[in-house]
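Structure assessment
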Amino acid sequence: MPLSAEEIRSLQAKAKQIRCDMVDVTVWAGGAHIGGALSMTDVLTALYYHYLNLRPAEPGWPDRDRFVLSKGHGGVGFAPVLADKGYFDKELLKEFNHFKSPFGMHLDGNKVPGVDASTGSLGHGLSMALGMALGARFQKQTWRTYCLLGDGECDEGSVWEAAMAAHHFKVDTLTAFVDRNQMMIDGRTEDIMSLEPLAAKWTAFGWEVREIDGHDFAQIGEAIEGAQATKGAPTVIICNTVKGKGVDFMEDQVKWHYGSIDSKLAARAKASITGGVS
Amino acid sequence: MTEVTGTTWNVYDANTLTQAEIYGRVLCDLAEADPRIVALTADLARSTKIGVFQDKFPQRVFNVGIAEQDLFGIAAGMAKSGLLPFVSTMSAFASMRALEQVRTDICYQNLDVKIIATHGGVSFGQAGTTHHCTEDIAIQRALANMCVIVPADGWETANAVRAAVQRPGPVYIRLGRGFEPTHYENDDYGFEIGKAVTINEGTDITVIACGVAVYHAAEAAKLLKDQDGISVRVLDVHTIKPIDEEAILKAVTETRRILVVEEHNVIGGLGSAVADVIAASGKGCAFAKSGLPDCYSEVGYPEDLYAHYCIDGDGIVGTVRELLHREFEADEDWEDEF
């Protein structure tokens, strides 16, 4: 069922709160991949606050939906969501990146409740997500698997090995998102290693492809519901996003792939987020 | 083929079946009892001999095509979903092509994935060096959480595969390619992961071996006994990690001379693992490693390559004779300890 106007308003408010939390964690961590965390926030918010079937009090619940953050450097954006959902105390995030903290910038599934797969090295997540989805089907379980990839990550050949196999095995319970923020560490994707025509590539690999505005909850919801209804093929949702989304001085800036912010800059960032810049 | 139903499992004759064929059959037996078991391969179902499993459990085999990174990533995801994946491919691909998936997806997450790496060492000698793998023991033993087993023959392969199911976490089992000679006469000799098997008692020198080198070490021990009257202890150290420190140190104390033989680069393999144990103990001994002398392997039939790299019976005999005359600095209190 499409998201109602009220649900959309609620998700938008939640996304603002999560973005502010990310800013805090970036300060505590001493630096983080804030740009790509901000670009994926709305998709993550839609999943964790509306679509995923979860029991935060029971992280290992066997029938939960699975989520693999294949762009593992988005950990600074993922951890606040898990804390807010109740997987662990938000106070723990003050130790992010510190000595012996369970939280490093790439989250460890064996240390952080709610993380279904340890990721960080790019190009690994889609294969693991595919394995989970195949495992569910083999065991006649009905939970779904979602995997969020970076766009630069799609340079990795292993992404396409997994893409080929997911189509071959007709795994329609697997949904991938590509956070198409157009940027990678060294510059714009199309300058460093061109991805376009990206949608056509996924189509050629046999996937059902949807291309949306990754900051528009109505579109995000419609695409996820479309993926859930698709039979016989996996779906990829290419989410056109803005790197640094919501923070005016970070938006569409390559230099904010990874950065540090002090409390003064953090206040400015939060004002930008809560001021409704969109 | 001799197929005997034992008290708890079927016995497959290692004289008529290759290590990999035995693996396929043992996996069938195990899968009968354990519905979690699935088999994965990357277009090597034939070469890795899981065809028999495929015939019996077609729904439980996943062939991902020639894509080893995907192979191990999928296995990790399946293990996460509660399955027990057995992944078979050539050791070169399991240890090098897909190393990061093995390390990060499987070992780092400490997942219950069993890797059956065929064509280890120079066992596919004719194929050329791209298809040899003389680095895998070094690579795999450096991965935290990984258990590394190099069975001596088909009998030991059956034991290792059964034991791997009982052991939580990742296990790497390295096999040869074809009809490597068989050392054991059956599988009933008390195999245990992490426990060396004393093949031959001896007091003058100890030859420590794994894989096909175990057979050759046993042959060499017989020759040395008959021709030179030398008493050679032979240890089958099938588990490279966790290694049997006790058996190694007992051998050092009791024989003072150690030769390690393996189908692997002399850097990083069983020889290095044994040297670690000896160095940490502070005990002195005469010590040598036989294997590939930090080079890429020549092409040829395995038996010719084993001879070339002195890991066959004659080669081991020659190295033992040399090592028996090598001087070393013994501890002052050694005799007391002994």
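Residues numbered from 1 in each chain as written. Chains lettered and ligands numbered in written order. Predicted model: local features only at pLDDT ≥ 70, side-chain atom pairs only at ≥ 80, totals over all residues.

A few points about the overall build of chain B
Looking only at helices and strands, chain B features 13 helices and 14 strands. On C-alpha atoms alone, chain B measures out to a radius of gyration of 20 Å, which is about the 20 Å that the 2.2 N^0.38 rule sets for 338 residues. Across its three principal directions, the C-alpha atoms of chain B cover 60 × 40 × 40 Å. Counting the 338 residues in chain B, one finds 59% classified as buried. Considering only intrachain contacts with a sequence separation of at least 6, the fraction spanning at least 24 residues in chain B is 75%. (Helix = DSSP H or I, 4+ residues; strand = E, 2+ residues; numbered from the N terminus. Rg over C-alpha atoms; globule rule 2.2 N^0.38 Å. Buried ≥ 20, exposed ≤ 12 C-beta atoms within 10 Å, placed from the backbone. Contact = placed C-beta atoms within 7 Å.)

Structural notes on the nonpolar core
Core analysis: the biggest nonpolar cluster contains 195 residues, and Ala79(A), Leu130(A), Ala75(B), Ile173(B), Val207(B) and Ala217(B) have the highest contact counts within it. Two domains each put at least three residues into this core: domain 1 (3–174) and domain 2 (197–337) of chain B. (Core = buried A, V, L, I, M, F, W, Y, C linked by C-beta atoms within 7 Å. Domains from an automatic or database assignment.)

Details of the interface of chain B and chain A
Taken together, the contact between chain B and chain A spans 23 residues of the former and 22 residues of the latter. Taken together, the elements giving at least two residues each to the side of chain B that touches chain A come down to helix 3 (68–80) and helix 5 (99–107) of chain B. Ranked by the residues each element gives to the side of chain B that touches chain A, the list is headed by helix 3 of chain B, at nine residues. A per-class count over the side of chain B that touches chain A returns 10 nonpolar, nine polar and four charged. (Nonpolar A, V, L, I, M, F, W, Y, C, P; charged D, E, K, R; others polar.)

Overview of the pairing of strand 14 (residues 286–292) of chain B
Residues and elements named next belong to chain B. Judged by how many residues are buried, strand 14 sits mostly within the fold: five of seven residues are covered. The pairing of strand 13 (residues 257–265) with strand 14 spans six bridges and is classified as parallel. Paired with Asn265 across the two strands is Leu292, which belongs to strand 14. Crossover connection from strand 13 via helix 10 (residues 270–281) to parallel strand 14: handedness right-handed. (Pairing = 2+ DSSP bridges. Right-handed = clockwise from strand over helix to strand, strands pointing away.)

Describing the sheet that holds strand 8 (residues 171–174) of chain B
All names here are of chain B. Strand order across the open sheet formed by seven strands is 4-3-5-6-8-7-12, with mixed pairing between neighbours. Of all the strands in the sheet, just strand 4 (61–63) and strand 12 (239–241) have a single pairing partner and so form its edges. Recorded for the sheet is a direction-independent mean angle of 20° between the axes of neighbouring strands. When strand 3 (residues 37–41) meets strand 5 (residues 84–90), the two strands line up parallel, connected through five bridges. Its bridge partner lying in strand 5, Leu40 is registered against Val87. Packing against the sheet, helix 7 (residues 154–166) makes contact with strand 6 (114–118), strand 7 (147–149) and strand 8, and its axis sits at approximately 175° to strand 8. (Axes fitted to C-alpha atoms, helices over the stretch in contact; angles between N-to-C directions.)

Focus on the sheet that holds strand 3 (residues 174–180) of chain A
All names here are of chain A. Read from one edge of the open sheet, five strands run 1-2-3-7-6, paired in parallel fashion. Every other strand in the sheet has two partners, leaving strand 1 (66–69) and strand 6 (208–213) as the edge strands with one partner each. Adjacent strand axes in the sheet meet at a mean angle of 20°, parallel and antiparallel pairs treated alike. Two strands pair when backbone bridges link them, and strand 6 and strand 7 (residues 235–240) are joined in this way by six bridges, in the parallel orientation. Bridge pairing in strand 7 links Val209 to Val236.

A closer look at the confidence of the model for chain B
The predicted coordinates ought not to be read in detail in places where the model reports low pLDDT. Residues and elements named next belong to chain B. The share of residues in chain B with pLDDT of 70 or more is 96%, and the mean pLDDT across the chain is 94. Below a pLDDT of 50 lies the segment residues 1–5, which in the model reaches eight contacts outside its immediate sequence neighbourhood of four places, other chains included. Scored as a complex, the prediction yields pTM 0.95 and ipTM 0.95. (pLDDT = per-residue confidence, 0-100.)

Overview of the pairing of strand 3 of chain B
Residue and element names in this part refer to chain B. Among the five residues in strand 3, five count as buried, and that is most of the element. What you see with strand 3 is no split at all: Ile37, Ala39 and Thr41 on one side and Val38 and Leu40 on the other are buried throughout. Sheet topology places strand 3 next to strand 4; three bridges connect them, and they run parallel. Among the inter-strand pairings, Leu40 is bridged to a residue of strand 4, identified as Phe62. Between strand 3 and its parallel partner strand 4, the chain crosses via helix 2 (residues 51–56), and the hand of that crossover is right-handed.

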